[in-house]
Amino acid sequence: MAIEITDGNFEEQVLKSDKPVMVDFWAAWCGPCRMVGPIIDEISSEYEGKAVVGKLDVDANQEFAAKYGVRNIPTVLVFQNGEVVGRQVGVAPKQTYADALEELL
C-alpha cells in the first residue's frame, strides 16, 4: 500500500529520501485518479524496500502541489535526491510507472 504523503511529512518522506520516490498527486473526487490509485498501490508493493511510493491528496495538501506546478490530476512525480526527474500527467499503463522507477534503480 502506498504511504500517505502530506505537506507535513513531504520533506522527510520525499526530499530527504535516499531511494527514488514516486508521488501520486490525486483527489477523492477525481475519476481518473481512482483509476491510477490501484496501479500506484501495486507499484508500491512491487518496489517495497527499493523505492518509496506515496499518494498526496491535493485537496488537503496544497503547498507541494503548488510548488511543483501540479495543475491537472492525477499527476505522478518521480523524485531522486530531492529533485523531480519524472512527470506523468493523466492515466498511463502500469508499465509506464514501473519504467520510471526502474531507470533509477
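Everything below is about the structure printed above this text.
Note that the structure is predicted; figures quoted are calculated from it, not measured.

1. A few points about the nonpolar core
Of all hydrophobic cores here, the largest spans 19 residues; its most connected members are Phe10, Val23, Phe25, Ile73 and Phe79. At the level of secondary structure, the elements contributing two or more residues to this core comprise helix 1 (10-15), strand 2 (21-26), strand 3 (52-57), helix 3 (63-67) and strand 4 (75-80). The element best represented in this core is strand 2, accounting for 3 residues. In this structure, Phe25 is in contact with Phe10, Leu56, Val58, Phe64, Ala65, Val70, Ile73, Pro74, Thr75 and Leu77, ignoring residues within four places of it in sequence. In terms of nonpolar packing, the next biggest core, distinct from the first, is built from 15 residues, Val36, Ala51, Val78 and Ala92 among them.

2. Focus on the packing of aromatic side chains
The relative placement of two aromatic rings is captured by the distance of their centres and the angle of their planes. Within this structure, the stated rule accounts for 4 aromatic pairs. With 5.2 Å between their ring centres and 85° between their planes, Tyr68 and Phe79 make a pair best called edge-to-face. Here Tyr68 is found in the loop between helix 3 and strand 4, whereas its partner Phe79 is found in strand 4, with 11 residues between them in sequence. You'll find Tyr68 and Phe79 in the same group, each marked buried. Through successive ring pairs, a cluster of aromatic residues spans Phe10, Phe64, Tyr68 and Phe79.

3. Some details on the side chain of Ser17
Inspection of the secondary structure assignment puts Ser17 in the loop between helix 1 and strand 2. From its side chain, Ser17 meets the backbone nitrogen of Lys19 in a polar contact 3.0 Å long. Aside from chain neighbours lying at most four places away, what touches Ser17 is Glu12 and Val52.

The rules we used
Residues numbered from 1 in each chain as written. Predicted model: local features only at pLDDT ≥ 70, side-chain atom pairs only at ≥ 80, totals over all residues. Heavy atoms only, no water. Core = buried A, V, L, I, M, F, W, Y, C linked by side-chain atoms within 4.5 Å. Buried < 20%, exposed > 50% of the residue type's maximum accessible area, 1.4 Å probe, protein only. Helix = DSSP H or I, 4+ residues; strand = E, 2+ residues; numbered from the N terminus. Contact = heavy atoms within 4.5 Å. Phe/Tyr/Trp six-rings, centres within 6.5 Å; stacked < 30°, edge-to-face > 60°. Polar contact = N/O pair within 3.5 Å; in protein donor to acceptor, adjacent residues only side chain to side chain.

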